[in-house]
Amino acid sequence: MCIRDTPNPSPEGEGRIRSALSAATNFLADVSETPRLDAELLMAHALGIPREQLLLNRLDSATPHSFGPLLARRLAHEPIAYITGTRAFWTIELAVGPGVLVPRADSETLLDAALAHFGKAGPRRILDLGTGPGTLLLAALDQWPGATGLGVDASPEALAYATRNAATLGLATRAEFRTGDWATGLDGVFDLILSNPPYIGADEPLPAEVRAHEPGMALFAGADGLDDYRRIAPQLPALLAPGGAAIIEIGSTQAPAVTALLAAQGLAVALRHDLARHPRALIATHSA
């Protein structure tokens, strides 16, 4: 899709938002699985208003001049979250950008599993291995106001976003972030350990917006996608408190292999599916 074909509101702003959204949706159909949603998010961002407000009372307003360039970026496969600078996840809104993994709705499966394990009382101490922009840790802290936690990541860019997000969400006093190599060097125990490690095989196909824009260190884990599970699994037993749970995201075909890695450490393992019924998370606990 050529950028010159992008819907281009006139300098006078005569184009109406309603028609611009329709045209943009058609253009985005070849780029996105959610073309109408993407168009609406970009338009709301151009206007500086929530999407809900756009849909309720701005559809007949003039198209802002900034919409065309934003649309061109999306047509070049830039992730929508990088363009708008934010991503909704669980009950929170996270700032994201180049250098960090974009939070996915599938990862909310880990929070569902944690809620089922702990209930409203929740864990007291949480560890998020590979925290990225603070995704799982900050969502968990927002869920359980009595909890504190530590987020570990090897990427300084990701940790900068995580620190910023904690401050924006009012969670800075309960969240600590640290540069690290998974759990190497950590001591103490945690009631809840969360992790969404890289699990893509080096040669697996990915959408252009993922492979070309998101950080490879947060995506790829060796030829079979299991390298980081092999490192994380032996670290978990010593860090997991009695009655606690380590909840790990997996690729949809990886449940047997990762279950075996965790079971080899003496952990009991249960599987949880995402909303599409794909295997998505493993819940590891100390064996009775």
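Student: Help me out: how do you make sense of helix α6 (residues 108–118) in this one?
Tutor: Helical geometry: 3.6 residues make up each α-helical turn, so side chains three or four residues apart lie on a common side. Where α6 is concerned, the buried positions are T109, L110, L111, A113, A114 and F118. Residues of α6 that are buried make contact with β1 (86–89), α7 (135–143), β6 (190–195), β7 (240–249), β8 (267–273) and β9 (279–286). Positive backbone phi, approximately 70 degrees, marks G119, located one or two places after α6.

Student: Can you help me understand the layout of surface pockets in this one?
Tutor: Here the idea is plain: a probe the size of a water molecule rolls over the atoms and shows the empty space left. One number sums up the size of the second largest pocket: a volume of about 180 Å³. Taken together, W90, A105, D106, E108, T109, D112, R272, H273, D274, L275 and A276 form the lining of the second largest pocket. Of all the elements in the fold, those that place two or more residues in the lining of the second largest pocket are α6 and β8. The dominant element in the lining of the second largest pocket, judged by the number of residues it contributes, is α6, at three residues. Of the residues contributing to the lining of the second largest pocket, the split by class is four nonpolar, two polar and five charged.

Student: What is the right way to read the pairing of β1 from this model?
Tutor: Moving residue by residue along a regular strand, the side chains alternate between the two faces of the sheet. Alignment of β1 against strand β2 (residues 92–95), held across four bridges, turns out to be antiparallel. Pairing of A88 across the sheet is with E93, part of β2.

Student: Hey, could you run me through helix α2 (residues 35–47) in this one?
Tutor: Between its first and last C-alpha atoms α2 spans 18 Å; for 13 residues at 1.5 Å apiece the expected length is 18 Å, and the two agree. Within the sequence span of α2, burial applies to P35, D38, A39, E40, L42, M43, A44, A46 and L47. Looking at the buried side of α2, the elements it contacts are α1 (17–28), α3 (51–57), α4 (67–75) and α5 (80–84). Looking one or two places after α2, you find G48, whose phi comes out positive at around 75 degrees.

Student: Quick question: what am I supposed to make of the sheet that holds β7 here?
Tutor: Adjacent strands of a sheet form backbone hydrogen bonds with each other and so pair up, either parallel or antiparallel. Within the open sheet, the seven strands sit side by side as β5-β4-β3-β6-β7-β9-β8. Their pairing is mixed. In the strand order of this sheet, the two ends are held by β5 (175–179) and β8, each with one partner. The mean angle between the axes of side-by-side strands here comes to 20 degrees, regardless of whether they run parallel or antiparallel. As judged from the five bridges shared by strand β4 (residues 148–153) and β5, these two strands associate in the parallel manner. Bridging from a neighbouring strand, G149 pairs with A175 of β5.

Rules used throughout
Residues numbered from 1 in each chain as written. Predicted model: local features only at pLDDT ≥ 70, side-chain atom pairs only at ≥ 80, totals over all residues. Heavy atoms only, no water. Buried < 20%, exposed > 50% of the residue type's maximum accessible area, 1.4 Å probe, protein only. Helix = DSSP H or I, 4+ residues; strand = E, 2+ residues; numbered from the N terminus. Contact = heavy atoms within 4.5 Å. 1 Å grid on protein atoms, 1.4 Å probe; cavity = no way out; pocket = protein on both sides within 12 Å on 5 of 7 lines; lining within 4 Å. Points joined across faces, edges and corners; volume = space filled by probe spheres on them. Nonpolar A, V, L, I, M, F, W, Y, C, P; charged D, E, K, R; others polar. Pairing = 2+ DSSP bridges. Expected span 1.5 Å × (residues − 1). Axes fitted to C-alpha atoms, helices over the stretch in contact; angles between N-to-C directions.

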